[in-house]
Amino acid sequence: MKKEVWESLLPLVFHLHDQMENVAKAAQEALYFAGWFLKWQELTELARTAVPWEISKCLLEKKRRKTMDFLHQSEVYLQSPQEILRQEAVRFIGLIGQHVDERSMTESIKQGE
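Residues numbered from 1 in each chain as written. Predicted model: local features only at pLDDT ≥ 70, side-chain atom pairs only at ≥ 80, totals over all residues. Heavy atoms only, no water.

## Regarding the packing of helix α1 (residues 2-15) against helix α5 (residues 67-77)
Stage number 1. Look at α1 against α5: their axes get within 10 Å of each other, and the N-to-C directions meet at 40°. The orientation of α1 relative to α5 falls into the category oblique. Once α1 is placed against α5, the crossing between them reads as right-handed. Between α1, through E7, L10, P11, F14 and H15, and α5, the contact on the second element is made entirely by F70, Q73, S74 and Y77.
Stage number 2. Residue composition of the contact of α1 with α5, by class: 5 nonpolar, 3 polar and 1 charged. (Axes fitted to C-alpha atoms, helices over the stretch in contact; angles between N-to-C directions. Helix = DSSP H or I, 4+ residues; strand = E, 2+ residues; numbered from the N terminus. Parallel < 35°, antiparallel > 145°, perpendicular 65-115°, else oblique. Left-handed = near helix turned anticlockwise from the far one by under 90°. Contact = heavy atoms within 4.5 Å. Nonpolar A, V, L, I, M, F, W, Y, C, P; charged D, E, K, R; others polar.)

Here it is, written out as structure tokens:
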């Protein structure tokens, strides 16, 4: 069950921007309860304020090994009929790029020591 909850997090983050207000609100509530279920206090706090960018960064930091999975999930949203969801997917993919660059740089520095 935990695997399914983890896999639902990124789509829920994207849907915080959904054009339909009831969908956005449901995504926020689902993120809150997902944080509670996963015993991830930071997610429950961020879900209360519904700050997608912070949730996205937190998700990448918490699940680094899932970066490629997140990328594949994001690609689906590039075809969304809702422009705002396409934009969020592009932003998240950019965040992945920054995250990978920072991690690569840190690893390079550590190897040079």
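## Re the packing of aromatic side chains
Stage number 1. Per the counting criterion, the structure on display carries 5 aromatic pairs.
Stage number 2. Centroid distance F14 to Y77: 4.9 Å. Interplanar angle 65°. Geometry classified as edge-to-face. Pair noted here: F14 is in helix α1 and Y77 is in helix α5, with a separation of 63 residues, a long-range link. Each of the two residues, F14 as well as Y77, counts as buried.
Stage number 3. With 5.9 Å between their ring centres and 85° between their planes, F14 and F92 make a pair best called edge-to-face. Here the residue F14 occupies a position in helix α1, and F92 occupies one in helix α6 (residues 83-112), the gap between them amounting to 78 residues.
Stage number 4. A relative accessible area of 2% places F92 in the buried class.
Stage number 5. An aromatic cluster of at least three residues, connected via ring pairs, comprises F14, F70, Y77 and F92.
Stage number 6. The ring of W6 carries K63 above its face, with NZ or CZ at 4.4 Å from the centroid. (Phe/Tyr/Trp six-rings, centres within 6.5 Å; stacked < 30°, edge-to-face > 60°. Buried < 20%, exposed > 50% of the residue type's maximum accessible area, 1.4 Å probe, protein only. Lys NZ or Arg CZ within 6 Å of the ring centre and 35° of its normal.)

All quantities given are derived from atomic positions and should not be read as evidence of function.
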